[in-house]
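Topology and contacts: notes
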Amino acid sequence: MDSTAKKDIRKFTLEQLEEFFIEKGEKKFRAKQVYEWLWNKSLKNFDDMSNISKETREMLKANFIINHIHVDLMQHSADGTIKNAVKLFDSKIVESVLIPTSKRITACVSSQVGCSLDCNFCATARLKRMRNLNPDEIYDQVVAIKEEAETYFNRPLTNIVFMGMGEPLLNYANVIEAIDKITSPEGLGMAARRITLSTVGIPKMIKKMADDEVKFNLAISLHSAINETRSRLMPINDVNPLEDLAEALKYWYQKTKRKVTYEYVIWDGINDNEEHARALAKFCKIIPSKVNIIQYNPIDEGEFRQASREAVEMYVRILENNGIIAKVRKSRGQDIDAACGQLANKNEVAQLES
Ligand code: SAH
């Protein structure tokens, strides 16, 4: 730490802060106290660190800043869902969502500003990718939702899903660092099994996660188990076809012994026939898995329409006949554009256009 420019203190590990404190002639344990204020208590100002002397706080202020997200706009849905538009230090905006059910309160967080994958049915894809989120920016989204869960529902946050904006496996190191903080006692102390990372399915990165022995859950946005259809929906499938995904999933299961969840939307005229349902059932047998059938949330007047109830029932029947658990998920927060695939900074765009 020799540069004179002020650095974001949350970029430093506890060990690095301890070294810094010793260098400055401070007691080493003070670093841990500061670290806990920064992470466990999520303080935004050095002056609020009540067990740190004024002198030390001034020294910290002279050397560091604390970058913190700011919830710019909070929208409440009629069904209880809350959407946060979160402003980052460089004024970029991402969205995160609080999803309440009778048993759980789930935080749905973003991992990138925009997204580089061009999934045809997803509103975030229209934004393109602007940048990766830093670990603290991911962590802060969770903290904001945890506080809202306590304030508005008087209940604790129970689950976290990486299903907001962006592709978490294309920002792997930062996502892992954020999860480490979320699960560590110096951070939020949440159990890794309460966390689910959702991905379009990048085989190389799935194998890396298996090698890294991650303890959180894996969900794959599958949407079709037929290459031709999947490539049409998700261009990433051209370079990473289902065969490669299947191989990576086998590797994942061998190493982790953990089930995977497939997220699946059924669209009218695209994947709503028996051939597609049977292909999905077959794919589901590659490793132990379950299926979440999610409702399509229209993003514009485009080519995509939710399939009929009969088609959804046909899928459930075929999956169940093959011994696969399938849940049909109701969409939440549609009235505030907070549902899957609807996160697109609409309010910011509206502001820019007005
Ligand atoms: N990039 C990751 C994280 C985004 S998660 C991933 O793809 O998994 C968002 C989830 O919502 C994904 O399963 C995605 O396929 C789904 N989704 C995207 N647009 C949607 C829409 N319009 N309606 C319903 N689900 C959608």
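Values in this document were obtained by computation on a predicted structure and should not be read as measured data. (Residues numbered from 1 in each chain as written. Predicted model: local features only at pLDDT ≥ 70, side-chain atom pairs only at ≥ 80, totals over all residues. Heavy atoms only, no water.)

**Some thoughts on the pattern of salt bridges**
- Enumeration according to the criterion identifies 19 salt bridges in this entry.
- Taking the shortest distance from any N to any O, the salt bridge between Arg278 and Glu274 comes out at 2.7 Å. With Arg278 and Glu274 both in helix H10 (residues 274-284), this residue pair falls four residues apart, about one helical turn.
- Overall, the relative accessible area of 47% leaves Arg278 in the partly exposed class.
- Across the pair Arg309 and Glu313 runs a salt bridge, and its minimum N-O distance is 3.5 Å. Of this pair, Arg309 and Glu313 are both found in helix H11 (residues 309-321), four residues apart, which corresponds to roughly one turn of the helix.
- Under the relative-accessibility criterion, Arg309 is labelled exposed at 62%. (Salt bridge = Lys/Arg side-chain N within 4 Å of Asp/Glu carboxyl O. Helix = DSSP H or I, 4+ residues; strand = E, 2+ residues; numbered from the N terminus. Buried < 20%, exposed > 50% of the residue type's maximum accessible area, 1.4 Å probe, protein only.)

**Points about the confidence of the model for the protein**
- Per-residue pLDDT for the protein has a mean of 93; in total, 96% of the residues score no lower than 70.
- Counting interchain partners and residues more than four positions distant, the pLDDT-below-50 stretch residues 350-354 has zero contacts. (pLDDT = per-residue confidence, 0-100. Contact = heavy atoms within 4.5 Å.)

**As for the sheet that holds strand S4 (residues 82-87)**
- Spatially, S3-S4-S5-S6-S9-S10-S11-S12-S13-S14 is the arrangement adopted by the ten strands of the open sheet, whose pairing is mixed. Of all the strands in the sheet, just strand S3 (70-76) and strand S14 (325-329) have a single pairing partner and so form its edges. Between one strand axis and the next, the sheet turns by 20 degrees as a mean value, whatever way the strands run.
- Across the sheet, H10 lies against strand S12 (260-265) and strand S13 (289-294), angled at about 170 degrees from S12, the strand it touches most. (Pairing = 2+ DSSP bridges. Axes fitted to C-alpha atoms, helices over the stretch in contact; angles between N-to-C directions.)

**A closer look at the site of the ligand**
- Taken together, the neighbourhood of the ligand is formed by 21 residues, with Phe121, Ser198, Ser221, His223 and Asn297 sitting nearest.
- Contact distances for the ligand include 3.0 Å between a nitrogen atom and a backbone N or O atom of Phe121.
- Among the secondary structure elements, those contributing two or more residues to the shell around the ligand are strand S10 (195-199) and S12.
- For the shell around the ligand, the residue count by class is ten nonpolar, nine polar and two charged. (Near = heavy atom within 4 Å. Polar contact = N/O pair within 3.5 Å; in protein donor to acceptor, adjacent residues only side chain to side chain. Nonpolar A, V, L, I, M, F, W, Y, C, P; charged D, E, K, R; others polar.)

**A look at the domain arrangement of the protein**
- With domains assigned, the protein is organised as domain 1 (3-65) and domain 2 (70-353).
- A straight line from the C-alpha centre of domain 1 to that of domain 2 covers 35 Å.
- Taking both partners together, domain 1 and domain 2 bury about 890 Å²; carbon and sulfur atoms supply 49% of that area.
- Together, Arg10, Trp39 and Asn40 form the three largest contributors to the area buried by domain 1 at its contact with domain 2, with a combined 54%.
- Scanning the region where domain 1 abuts domain 2 turns up three salt bridges.
- When the shortest N-O distance is used, the salt bridge between Arg10 and Asp140 registers 2.8 Å.
- The tally of links between domain 1 and domain 2 comes to six residue pairs in polar contact (both at pLDDT 80 or more).
- Here the side of domain 1 that touches domain 2 is built from residues that sort into two nonpolar, two polar and five charged. (Domains from an automatic or database assignment. Buried area = accessible area lost by both parts, 1.4 Å probe.)

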